[in-house]
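These are the residues of each chain, in order.
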Amino acid sequence: MKRSTRRLLTTTLVGSAGFLLGSYLTFQGSTMNWRKDSRKQRDLNFDNNDPWVLEKQWFQVQKREPRQITTADGLTLRAILIRQPQATTKVAILAHGYHHSWEQMAPYAKLFYDFGYNILVPDARGHGDSDGHTIGFGWLDRKNLVVARLWYYLVLVWARQP
């Protein structure tokens, strides 16, 4: 094998290995939430300069019913349910963002509550109080579609109970 061909082959292999390693490390850094407890943005401490102070104060004093469900891969996903005082079948399921938890949904919970909805606020896998360390940006959560439907129907049943 010619020397120039060997160099080209070596450079290609080393470059490809570097690219694959970099891709793997980037994936791990963005999807693995090993420091979940330290990254929880609980939003429990706020001051009067916060534009959502009234909604957060409302959210903190509401009666919350804890809910949980187990996914097909064995993780426990946790949520809270805030019911309307009068029975209704209207339910708003509020999903939080990346590295957040259900506390960030206080302004939206208040809005939908005022419109007469029961509020279900789940913590996504790897977030908040739910199990897991892998954040799939929706890819892993697609498997929970059946679970989400089940959650929805269970909430309707719970909402009809006094």
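Going by the structure above, here's the rest.
Conventions and cut-offs
- Residues numbered from 1 in each chain as written.
- Predicted model: local features only at pLDDT ≥ 70, side-chain atom pairs only at ≥ 80, totals over all residues.
- Heavy atoms only, no water.
- Phe/Tyr/Trp six-rings, centres within 6.5 Å; stacked < 30°, edge-to-face > 60°.
- Helix = DSSP H or I, 4+ residues; strand = E, 2+ residues; numbered from the N terminus.
- Buried < 20%, exposed > 50% of the residue type's maximum accessible area, 1.4 Å probe, protein only.

Q: Teacher, can you tell me more about the packing of aromatic side chains here?
A: In total, this model carries 3 aromatic pairs according to the counting rule given. Between Trp58 and Tyr113, the ring centres sit 5.1 Å apart and the planes meet at 55°, which makes this aromatic pair tilted. With Trp58 in helix 3 (residues 53-61) and Tyr113 in helix 4 (residues 106-114), the pair connects residues that are 55 residues apart, well separated along the chain. A centroid spacing of 5.6 Å and a plane angle of 90° characterise the contact between Phe112 and Tyr117, whose relative ring orientation is edge-to-face. With a relative accessible area of 26%, Tyr117 lands in the partly exposed category. Every member of this aromatic cluster is reached through a ring pair, and the members are Trp58, Phe59 and Tyr113.

Q: Looking at this structure, how should I read the environment of Gly128?
A: Within the secondary structure, Gly128 sits in the loop between strand 4 (118-122) and helix 5 (145-160). For the pair Gly128 and Leu77, spaced 51 residues apart in sequence, the C-alpha to C-alpha distance is 9.5 Å.

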